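# Close look at the chain arrangement
Here is how the chains run, residue by residue.
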Amino acid sequence: MDLTASQRLGRWALFAPDNKRVERPHWLVLFAIFVLAVLISVASAHFYNDLLFRPVLGVTVAGLLLLDRRNAIRFLFTTTVVALVSYPFVGAPQPKATIFPLLSVAEACVAVILARRFCGAQLDLTRPRRLAAFFICAVIPATLLRGLVESFARTGFVNGFSDNLATILASHFVSMGLLVPLLLQIFRKPSQMVDPDRSLREALGLFALMVCTALIVFSQSRLPLLFVALLPLIWISFRTSAVQSMIAATVLIFIASIATAEGWGPLSLVPDRILRHGAVEESILYRLSMLQFFAASAMAIVLPLGAFRCEEARSQRRADREHMNTLAALAKVREGEAELRRVAFHDVETGLPNRVGFEQIVAERLVHSFNGTIHVAALEIDRYSSFRAALGSTRASQLVQQVGARIAEQMPDTPIARLSPSELAIAFYATDRNAARVKLDLVRALFSVPVWVDENNIDVHFIIGVAEGDEASTLVHQAEAAAVQARKLNLDIAFFDAAAERQAASGLTMLSDLRAGLTNGDVWLSFQPKLDLRSGKIHSAETLLRWNHPLYGPVGPDRFIPLAEETGFIDALTDWVVEQAIKGQQALDERGVTLNMAINISARSLCDAQFLSRLMRVVDRCGGDPRRLTLEVTETAIMVHSREALANLRTLRDRGFAISIDDFGIGQSSLAYLRNLPADELKIDQSFICDIAADQRNSILVRATVDLAHSLGLRVVAEGVEDEAALGILTRFGCDIAQGHHVARPMAIAALVKMLARTSLRIVR
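Residues numbered from 1 in each chain as written. Predicted model: local features only at pLDDT ≥ 70, side-chain atom pairs only at ≥ 80, totals over all residues. Heavy atoms only, no water.

When you go through the protein residue by residue, the secondary structure sums to 31 helices and 16 strands. For the protein, buried positions account for 46% of its 765 residues. Restricting to contacts in the protein with at least 6 residues of sequence separation, those with at least 24 account for 69%. Carbon and sulfur atoms form 58% of the exposed surface of the protein, whose accessible area is close to 39000 Å². (Helix = DSSP H or I, 4+ residues; strand = E, 2+ residues; numbered from the N terminus. Buried < 20%, exposed > 50% of the residue type's maximum accessible area, 1.4 Å probe, protein only. Contact = heavy atoms within 4.5 Å. Areas by Shrake-Rupley, 256 points an atom, 1.4 Å probe, with all protein chains shown as cover.)

Next up, the structure:
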């Protein structure tokens, strides 16, 4: 591929381009390492009167290779300044104190450019080829160039080439060969490593090998040239097999021994002023024979390398064991998955397919349907709760299992499943509803003989719902809905009725709309005043729920109150009514009007053991007074739940609430029962009041009721007063309070305040 001039020039770039996607170390971290290297150099010059080891060069090269363009420029500038400032402290006179730091910077830049050109973009020095390329193509040329320049600057090529160049090669080779691979390995990100654990072991093992070799073999020397010269061989030994590693270690030992014996060891390059301090006499090389030095080198090189190789072998064995354990775990997982699939598609107690499994069977039948339309029948075992209570859950499950087994035995081509504890399901083909009914009659005929369960003969009767269609989950749902419809209609078999289902769904929608109406204002509380017939003044007001549905318009309480009682939402609804009633009282109190409020209580709330505590919490939270609240309960509610209702009524009356018996006259309570009611007020149903003027019998019954209530110490309220004639008759009978459209229609609290202010009536408590 032909490269343009700019591309060819870019391959010789000094700085890596800025790239935010590549994670790099912060340049200040590398600068701190550089400062540490400078301190080491200053200490070396102080103790040995020369720079025997130049770590600053290796740190500079590693920093330029690791950093991007912007941070590399910052790093290069700051390190150059520090080098220029610190060089006089190592004893270098001018102009060397200025020239040598700049030469070191130039040498580092040359090494970086050559490394980027010949060692690849990622500069992965853990690979033998890249490491060899780095030494041959970058370190050696840059070091030679620096040595030639410095030798010429000192004595010229003729007089000082050999010794100065060898010294420079040794110290600079140590710096770049030791520090650059080590720093690049340390600062590599885990995401850039194929095996982060192996890379970490290699770095630590290499560092330990270097330290051991330096301490044992060259402990008395001042410039370990051989140690640095053999660094590539040591590093390669970590990247090859065990046999190749041992060969490399043997070659390393022979080279070290022969070189030292021939005078090319560390002491041959030590400056004269160090020799004058007695370093030669103390050196280990003058006290060891060739064989001893060979043994020392062998221990220094082979033992760390062998330890590393042993650890690597243990790691491999550990990896093999983990692999085998992983395979065993995968086998167990597969077994578990098979068991989970079985459990997911079958009923645990009976072994029959469950809902999910049955839907899959029906879906397959729908794909391969023939000889008619697929029908799904939900078979609900009648009185199953009674069976379970008498037999226990285990035997009840055995009953279901035997029922399913009998159907499967007599109808082997009919799939059967368990949808719920008391409900089975079958799927079959039928041409029309009559054929489906014939099929289901055969199923029912199978149980003309009782089912034998643990020495008990049990007669099984089904309530069956049937659905037909072309979607599995819909069919199952519709069959269950048809079974519910059959129970409501007291039928043995019922086919799915979409209209009835829509009506049930609309009830659920209405309940959610009712919840929303309490917060958005669609549901509100109206107040209907009650007239004291003796004083002619407003006595109190009854709270009445009103709902203006956004789609259906006004919805009567007879539609949503039963739904709220059935679902349990009546508790929250009652709490809301009590809270709004107390707020209405407080609004009237602010205008100097004191008015009692009557609140209707449902039969469900009346028999609820938690109703009293919940009611008192609402009253206390709103700051209400129980003595100003009247609770209206129907006569029927008290008769149906007599024990619980009477207990709650007595407790409520003791707490200060007034009790009113609503809709009196249409229930079935006896006079003795009426005598025992903990009531303060009797409210005659409007069916007796609306035609009291025209119907003589109603008139007699109302008068007798008023007299009876007064004799029992009860206050009498007549509801449904629609004209002046009825109001006059009730006044003559001695009725206490009248309520109806003739007195006042239900109204909002604001309208009630205006009415009371306009009439300027004195309110009677």
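Let's shift gears to helix 4 (residues 69-86). Taking 1.5 Å of rise per residue, 18 residues should cover 26 Å, and helix 4 covers 26 Å from first to last C-alpha, within 8% of that figure. The complete set of buried residues in helix 4 reads N71, A72, F75, L76, T78, T79, T80, A83 and S86. (Expected span 1.5 Å × (residues − 1).)

Glancing now at the side chain of S605. Relative to the helices and strands, S605 resides in helix 23 (residues 603-606). A polar contact is formed between the side chain of S605 and the side chain of S602, at a distance of 3.2 Å. Setting aside its immediate chain neighbours within four residues, S605 contacts I570, D571, T574, F611 and N648. (Polar contact = N/O pair within 3.5 Å; in protein donor to acceptor, adjacent residues only side chain to side chain.)

Further remarks concern the packing of aromatic side chains. Per the counting criterion, the structure on display carries four aromatic pairs. The interplanar angle of 85° and the centroid separation of 5.6 Å between the aromatic rings of W547 and F560 together place this pair among those described as edge-to-face. With W547 in strand 9 (residues 537-549) and F560 in helix 21 (residues 557-567), the pair connects residues that are 13 residues apart, well separated along the chain. Residue class for W547 comes out buried when judged on its relative accessible area of 3%. (Phe/Tyr/Trp six-rings, centres within 6.5 Å; stacked < 30°, edge-to-face > 60°.)

It is worth spelling out the pattern of salt bridges at this point. Taken as a whole and judged by the stated rule, the model has 23 salt bridges. D736 is the salt-bridge partner of R534, the closest N and O atoms lying 2.1 Å from each other. Taken together, the positions of R534 in the loop between strand 8 (523-532) and strand 9 and D736 in the loop between helix 30 (724-733) and strand 16 (737-739) put the pair 202 residues apart, joining distant regions of the chain. Classification of D736 as buried rests on a relative accessible area of 8%. Several salt bridges share partner residues, and in doing so they unite K530, E542, E632, K683 and E719 into one network. (Salt bridge = Lys/Arg side-chain N within 4 Å of Asp/Glu carboxyl O.)

Interhelical geometry of helix 3 (residues 55-66) versus helix 4 gives an angle of 160° and a closest axis separation of 9 Å. With respect to each other, helix 3 and helix 4 are oriented roughly antiparallel. Both helix 3 and helix 4 take part in a crossing whose hand is left-handed. Contact with helix 3, carried on its side by V59, T60, G63 and L64, involves A72, F75 and L76 of helix 4 and no other residues of that element. For the contact of helix 3 with helix 4, the per-class residue count stands at five nonpolar, two polar and no charged. (Axes fitted to C-alpha atoms, helices over the stretch in contact; angles between N-to-C directions. Parallel < 35°, antiparallel > 145°, perpendicular 65-115°, else oblique. Left-handed = near helix turned anticlockwise from the far one by under 90°. Nonpolar A, V, L, I, M, F, W, Y, C, P; charged D, E, K, R; others polar.)

The subject of this paragraph is a nonpolar patch on the surface. Nonpolar side chains collect at one region of the surface, where L36, L39 and I40 lie side by side and expose about 290 Å² of accessible area between them. Tracing the sequence through the fold places I40 in helix 2 (residues 27-48). (Patch = residues over 30% accessible without salt bridge, like charges linked within 9 Å, V, L, I, M, F, W, Y side chains within 5 Å.)

The subject of this paragraph is the pairing of strand 1 (residues 373-381). Taken across its nine residues, strand 1 has eight buried, putting it largely inside the fold. As paired elements, strand 1 and strand 3 (residues 423-430) share eight bridges and run antiparallel to each other. What sits directly across from H375, in strand 3, is F428. (Pairing = 2+ DSSP bridges.)

Turning next to the sheet that holds strand 1. In sheet architecture, strand pairing relies on hydrogen bonds along the backbone and comes in two forms, parallel and antiparallel. Strand order in the open sheet formed by five strands is 2-3-1-6-7, and the pairing between neighbours is mixed. The open sheet is flanked by strand 2 (416-420) and strand 7 (493-495), the only strands paired with a single partner. On average, adjacent strands in this sheet sit at an angle of 25° to one another, irrespective of strand direction. Sitting on the sheet, helix 17 (residues 393-410) touches strand 1, strand 2, strand 3 and strand 6 (462-468), and the angle it makes with strand 2 is about 150°.

With that settled, the discussion passes to the side chain of S526. Mapped onto the fold, S526 is located in strand 8. Classification of S526 by relative accessible area gives buried; the value is 1%. If near-sequence neighbours (up to four positions away) are discounted, S526 is found in contact with E542, T543, L544, R546, P746 and M747.

This part covers the pairing of strand 2. Burial analysis of strand 2 places four of its five residues in the buried class, the great majority of the element. Note: strand 2 against strand 3, four bridges, orientation antiparallel. Bridging across to strand 3, I416 finds its partner in I426.

Now for the nonpolar core. Within the largest apolar cluster, 80 residues are counted, with the highest numbers of intra-cluster contacts made by L573, V702 and L730. Top contributing element to this core by residue count: helix 22 (residues 570-589), with eight residues. With residues up to four places along the chain from it excluded, the contact list for L573 reads L514, L518, L545, F560, I561 and A564. In terms of nonpolar packing, the next biggest core, distinct from the first, is built from 39 residues, L57, A115, F134 and A142 among them. (Core = buried A, V, L, I, M, F, W, Y, C linked by side-chain atoms within 4.5 Å.)

In this model, the protein carries an average pLDDT of 76, and 71% of its residues clear a pLDDT of 70 or more. This stretch, residues 157-162, has a pLDDT under 50; its non-local contacts, to residues over four places away or in other chains, come to eight contacts. Within the model, the stretch residues 190-196 combines pLDDT values under 50 with six contacts to residues more than four positions away or in other chains. (pLDDT = per-residue confidence, 0-100.)

This part is about helix 17. Look at helix 17: 26 Å from first C-alpha to last across 18 residues, which is about the 26 Å you get at 1.5 Å a residue. When we look at burial in helix 17, the residues that qualify are A396, S397, L399, V400, V403, G404 and I407. End-on view of helix 17: buried residues confined to an arc of 150°, all on one side of the axis. The exposed residues of helix 17 that point more than 90 degrees off its buried face are T394 and E409. (Arc of directions from axis to C-beta.)

The next point concerns the environment of T394. Mapped onto the secondary structure, T394 falls in helix 17. In this structure the C-alpha to C-alpha distance between T394 and E349, which are 45 residues apart in sequence, comes to 8.3 Å.

Positioned with a positive phi, N490 is a non-glycine residue whose angle comes to about 60°. Topologically, N490 is positioned in the loop between helix 19 (472-488) and strand 7.

Moving on, we get to the environment of H742. Locating H742 in the fold gives a position in the loop between strand 16 and helix 31 (749-759). Residues contacting H742, with those up to four places away along its chain left out, are V721, E722, D723, E724 and L727.

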